[in-house]
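Given next are the chains, with one letter for each unit.
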Amino acid sequence: QVQLVESGGGLVQPGGTLRLSCVASGITFSIYAMDWFRQAPGKQRELVAGITSAGTTNYADTVKGRFTISRDNAKKIVYLQMNSLKPEDTAVYYCKAHIVGTRMTYWGQGTQVTVSS
């Protein structure tokens, strides 16, 4: 059974930092591309950052220079380091595992991030 379990969310003040983790099980983690998405209330889910199986990364313009995605294939974890957080980063953050060009796609349950003073 495939599971993606996110953790690390919470309440943080503007300018603060959080590190999200997504632990995968039931998949050959190293061959999957991993993404972080987020969804704010009343808005569509959007891609925040992605990392390919080869380690190539990409970021939404809104988080470039502030967020860093990384992966540990041995531990089957993908991280999202979030620095200089802003109130507009408030959302539920989801982890996604997928193999490009296939229907192999899995989602986690999400973790809430709230940036507020």
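Here, the structure is the one placed above.
These numbers come from a predicted model, not from an experiment.

### A closer look at unusual backbone geometry
Here is step 1: You will see that Lys76, though not glycine, has its phi angle at about 60°, which is positive.
Here is step 2: A residue is classified by how much of its surface remains accessible, and Lys76, at 31% relative accessible area, is partly exposed.
Here is step 3: The phi torsion at Ser84 lies on the positive side, around 50°, for a residue other than glycine.
Here is step 4: Among the secondary structure elements, Ser84 is positioned in the loop between strand S8 (77-82) and strand S9 (91-98).
Here is step 5: You can call Ser84 partly exposed: its relative accessible area is 40%.

### Topic: the state of the cysteines
What makes a disulfide is a covalent bond joining the sulfur atoms belonging to two cysteines.
Here is step 1: With the rule as written, the count across this model stands at one disulfide.
Here is step 2: With its sulfur 2.1 Å from that of its partner, Cys22 forms a disulfide with Cys95. When the S-S torsion is -75°, as for the bridge of Cys22 with Cys95, the disulfide is left-handed. Remark: Cys95 occurs in strand S9 and Cys22 occurs in strand S3 (residues 18-25); sequence separation between them is 73 residues.

### Topic: the environment of Val63
Here is step 1: Within the secondary structure layout, Val63 lies in the loop between strand S6 (57-59) and strand S7 (67-72).
Here is step 2: When the C-alpha positions of Val63 and Ala49 are compared, they lie 8.3 Å apart, and in sequence the two are 14 residues distant.
Here is step 3: Discounting residues that sit within four places of it in the chain, Val63 has contacts with Arg38 and Val48.

### Structural notes on the pattern of salt bridges
Here is step 1: Per the stated rule, a full pass over the model turns up four salt bridges.
Here is step 2: A salt bridge links Arg66 to Asp89; the shortest N-O distance between them is 2.8 Å. One end of the pair, Arg66, is in the loop between S6 and S7; the other, Asp89, is in the loop between S8 and S9, with 23 residues separating them in the sequence.
Here is step 3: On the basis of relative accessible area, Arg66 is assigned to the buried category, the value being 10%.
Here is step 4: Where salt bridges share partners, they join Arg38, Glu46, Arg66 and Asp89 into one cluster.

Reading the values: rules and limits
Residues numbered from 1 in each chain as written. Predicted model: local features only at pLDDT ≥ 70, side-chain atom pairs only at ≥ 80, totals over all residues. Heavy atoms only, no water. Buried < 20%, exposed > 50% of the residue type's maximum accessible area, 1.4 Å probe, protein only. Helix = DSSP H or I, 4+ residues; strand = E, 2+ residues; numbered from the N terminus. Disulfide = S-S within 2.5 Å. Contact = heavy atoms within 4.5 Å. Salt bridge = Lys/Arg side-chain N within 4 Å of Asp/Glu carboxyl O.

Without other data, these values stay purely geometric and don't point to any function.
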